[in-house]
Every structure is written in structure tokens, then in C-alpha cells.
Amino acid sequence: MNINKVLWKKFLPVGTALMLAFTMLFGLGGKQVFPGNSAKAEVLHYTAAANLNIRTGPSTSYRKLGTVKKGTLLNIKGTKSNGWYKLTYGGKTGYASGKYIKSTSAGKDNAIHVAAKPDSISVLVNKNNKLPDTYTPKDLVYTSIPFIFKEKTEKRKMRKEASLALSKLFAGAKKQHVNLLGVSAYRSHSTQVGLFNYYVKKDGSEKARTYSALPGTSEHETGLAIDVTGGNGKCAAQDCFGNTKEAKWLGTHAAGYGFIIRYPKGKQAITGYKYEPWHLRYTGKAAAKYISGHHITLEEYNVNTVSK
């Protein structure tokens, strides 16, 4: 799929274009609103305000299914008139008292927005822009590249267009004596929920949010992102990968295959994440070359261009 973009500067005076770009990046009061992402809805997250008992029915007289730790993200399905919430727990329907459930949003100044076009190759997913909870890419396929593991899991999947481009990237690297391995590609929403809650259980909610993406805000859920490492499997998703010949090759050649280094060095204030030379995001060749050539991020690209 080609991403047709029109630069604002072709149509607007420089001052006006800059003003609009600033408004779209920071919004009014700090909101981020991007082309193709639409401020469709402000998202509420429900978490356990204390260690929370999950029961088979909406009162303490029902049998206990289990207990979740304070800060755990809850998959709420509805409410009862007596103040109990219906939710999903361990694949089963359960209930928990609303007295111990906290609902939060990013607030007016930093609202999380739901992507209006989640299937777009240029979709922006970050801490302020998320995918719909029910979203699953329709064209997921198993990639043909080697991974650091042998199991056939969802982590090997990507969207078809991205998978084909990734195969060419790996082949191109191999021709130049650079061997790569996949670490983790697609991650379903339910997997991200489980992963985030695992980190909450391990380190607590506050710390978990500093290094793990809230469900819906992880690029891995798009089917367009993959973490890679060198052929020896060392430094997988670790800072030391940045000093390898594989990382340097990707920094120079990834854009030619339609991929960007999603979280480049020195751009944490914009992307929300530190430098991750192993995290590749497929955007298509035109966008990737523009982003790489201008040393910008996907956030800045979305601000400076509009979808045709």
C-alpha cells in the first residue's frame, strides 16, 4: 500500500503551516491529535484500587474466583445497579465491587485518543494514541524470517505487506554479510493485557507504566512492528544492540525496505520511549525514506503531512 501524503507547505503560507502543525502536535492544552487518528473518544482505564477479590456473582455471597493485585488493569464488561462491575477474569466472567475499582483517563490535557483508521499503514500508536480494544489486523500472516525461538506463535506474525517487506530486508542484509533474527513481532490485545498485568504484579503499577505499554498503545498490536537482533541472538531488545554492526546496518538501510527505527536516539521527549535500535516499524518506502532522510519521528511525520 502506498501512503499518499501532501505537504502542508505546498498550500499554506509558512507561518500558517507552522501554527497548524504546532496546534496538531500539542493541541489546545496539550492534546495530541494526528491525521488518521481522530479524537474519536477519550479512553477510560479501570484498575484495581486495592487487592481485589473477583467473584462469580455481584455480591460477597458468591464464590471467590481469585484475587488480583492492586494496580492490575481490569477488562470491564459492564456494571450492576448495586455498584458491582462485570469483568473478564482468567477467561471467565467475574464480578468485583466498584468500591475497589478506579477509573482513570489521561485527563483533558493529555487525553488518549482512539485511532479512527487502525488499518492504515501510517497509523500512529503511542502513549497518547491507541488502537480500538477490539482491533485485530485482518491480514496477519506468519513471517518467513528466522527468530530466536522455534515455536510457531503469534510473535512470528505481521501484516502481509510488512511481512513481505521484512523478508526482503533480511535477504538484503544477508547479501551484505549481516545476519538478523526476529525477536517479537505481532502481539494481540489480550496478550498485551496479560503482559502489562504481569509487570504490575512484579513491580507495581507505577513502575510498570514506565517500561510497559498500556494495552492498545503498543505498536506490536498493529502487526506492523517487530523487534530484531543479530544472528548470534545476543543483545535481544537490549541497549547493547545499538553498538552492533547489525544495528548500524539497519540504521542505514531499513528505510530502503519501508521500515524506520521507530524510537530514534534523542527523540524520547517526542516518542515517549528511549532509543530502541531493535524496534522496526513498517510505514512503506515513501514514508520511511522521508522520515529517515529528515531525521524525524513518526509523530513529526504525521504532524507535517496530511492523508490525501
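Here goes a summary of the coordinates provided. The structure presented is a predicted model; accordingly, all values stated were derived computationally and were not measured. (Residues numbered from 1 in each chain as written. Predicted model: local features only at pLDDT ≥ 70, side-chain atom pairs only at ≥ 80, totals over all residues. Heavy atoms only, no water.)

1. A word on the overall build of the protein chain
Logical step 1: Secondary structure assignment for the protein chain yields eight helices and 17 strands.
Logical step 2: Each of the 308 residues in the protein chain was classed as buried or not, and the buried ones make up 47%.
Logical step 3: When contacts within the protein chain are restricted to residue pairs at least 6 apart in sequence, those whose partners lie at least 24 apart make up 63%.
Logical step 4: Entry remark: accessible area of the protein chain is about 15700 Å², with carbon and sulfur atoms responsible for 53%. (Helix = DSSP H or I, 4+ residues; strand = E, 2+ residues; numbered from the N terminus. Buried < 20%, exposed > 50% of the residue type's maximum accessible area, 1.4 Å probe, protein only. Contact = heavy atoms within 4.5 Å. Areas by Shrake-Rupley, 256 points an atom, 1.4 Å probe, with all protein chains shown as cover.)

2. Overview of the packing of aromatic side chains
Logical step 1: One pass over the full model with this rule turns up eight aromatic pairs.
Logical step 2: The interplanar angle of 65° and the centroid separation of 5.2 Å between the aromatic rings of Phe259 and Tyr282 together place this pair among those described as edge-to-face. Linking Phe259 in strand 15 (residues 259–263) with Tyr282 in strand 16 (residues 276–282), this pair joins segments that are 23 residues apart in sequence. Of the two residues, Phe259 and Tyr282, both sit in the buried class.
Logical step 3: Here the aromatic residues Tyr198, Tyr199 and Tyr211 are joined through ring pairs into a cluster of three or more.
Logical step 4: One residue, Lys127, lies across the ring of Tyr273, its end atom 4.7 Å from the ring centre. (Phe/Tyr/Trp six-rings, centres within 6.5 Å; stacked < 30°, edge-to-face > 60°. Lys NZ or Arg CZ within 6 Å of the ring centre and 35° of its normal.)

3. Focus on the pairing of strand 16
Logical step 1: Burial of strand 16 is extensive: seven of the seven residues sit out of reach of the surface.
Logical step 2: Taken together, the three bridges between strand 14 (residues 225–230) and strand 16 define a ladder with antiparallel strand orientation. In the sheet register, Ile226 faces strand 16, and the bridge partner there is Leu280.
Logical step 3: Taken together, the four bridges between strand 15 and strand 16 define a ladder with antiparallel strand orientation. Residue Phe259 lies in a different strand from strand 16, and its bridge partner there is Tyr282. (Pairing = 2+ DSSP bridges.)

4. Some words on the sheet that holds strand 13 (residues 180–184)
Logical step 1: Overall, antiparallel pairing links the four strands, which are arranged 13-14-16-15 in an open sheet. Looking at the sheet topology across the chains shown, the edges are occupied by strand 13 and strand 15. Here the strands of the sheet are splayed against their neighbours by 45° on average, with no regard to which way each runs.
Logical step 2: Sheet strands touched by helix 5 (residues 245–253): strand 13, strand 14, strand 15 and strand 16. Its angle to strand 16, the strand with the most contacts, is close to 35°. (Axes fitted to C-alpha atoms, helices over the stretch in contact; angles between N-to-C directions.)

5. Overview of the pattern of salt bridges
Logical step 1: On inspection of all chains with the given rule, the structure shows eight salt bridges.
Logical step 2: The partner of Asp133 in a salt bridge is Lys130, and the shortest N-O contact between them spans 2.7 Å.
Logical step 3: Using a relative accessible area of 47% as the deciding quantity, one classes Asp133 as partly exposed.
Logical step 4: Among the salt bridges present, the one from Arg281 reaches Glu219, with a minimum N-O distance of 2.7 Å. You can see Arg281 sitting in strand 16 and its partner Glu219 sitting in the loop between helix 4 (205–211) and strand 14, a full 62 residues away along the chain. We note that Arg281, like Glu219, is buried.
Logical step 5: Three or more residues are tied together by salt bridges with common partners; here these are Glu219, Arg262, Arg281 and Glu299. (Salt bridge = Lys/Arg side-chain N within 4 Å of Asp/Glu carboxyl O.)

6. Here's the deal with the nonpolar core
Logical step 1: One finds Leu169, Ile226, Leu250 and Phe259 to be the most contacted residues of the largest nonpolar core, which totals 32 residues.
Logical step 2: When contributions to this core are tallied by element, the ones reaching two or more residues are helix 2 (160–175), strand 14, helix 5 and strand 16.
Logical step 3: Counting residues per element, this core draws most heavily on helix 2, at six residues. (Core = buried A, V, L, I, M, F, W, Y, C linked by side-chain atoms within 4.5 Å.)

7. Quick word on helix 5
Logical step 1: Among the residues of helix 5, Glu246, Ala247, Trp249 and Leu250 are the ones counted as buried. All buried residues of helix 5 lie within an arc of 160° about the axis, which places them on one face of the element. In this structure, helix 5 carries Lys245, Lys248 and Thr252 as exposed residues pointing more than 90 degrees from its buried face.
Logical step 2: If you follow the buried residues of helix 5, they end up packed against helix 2, strand 13, strand 14, strand 15 and strand 16. (Arc of directions from axis to C-beta.)

8. Considering the layout of surface pockets
Any space left empty among the atoms is revealed by the rolling of a water-sized probe across them.
Logical step 1: The space that makes up the largest pocket amounts to roughly 890 Å³.
Logical step 2: Forming the boundary of the largest pocket are 32 residues, of which Leu73, Leu74, Asn75, Val193 and Asn197 lie nearest the centre.
Logical step 3: Among the secondary structure elements, those contributing two or more residues to the lining of the largest pocket are strand 2 (45–48), strand 4 (64–68), strand 5 (75–79), strand 6 (84–89) and helix 3 (189–203).
Logical step 4: Examining the composition of the lining of the largest pocket, we find that six residues originate from one element, helix 3, more than from any other.
Logical step 5: Estimates place the volume of the second largest pocket at around 720 Å³.
Logical step 6: Arg187, Tyr211, His220, Asp227 and Glu276 are the residues nearest the centre of the second largest pocket, which is lined by 30 residues in total.
Logical step 7: Sorting the residues of the lining of the second largest pocket by element identifies strand 13, helix 3, helix 4 and strand 16 as the ones contributing at least two each.
Logical step 8: Residues belonging to the lining of the second largest pocket are distributed by class as follows: 10 nonpolar, 11 polar and nine charged. (1 Å grid on protein atoms, 1.4 Å probe; cavity = no way out; pocket = protein on both sides within 12 Å on 5 of 7 lines; lining within 4 Å. Points joined across faces, edges and corners; volume = space filled by probe spheres on them. Nonpolar A, V, L, I, M, F, W, Y, C, P; charged D, E, K, R; others polar.)

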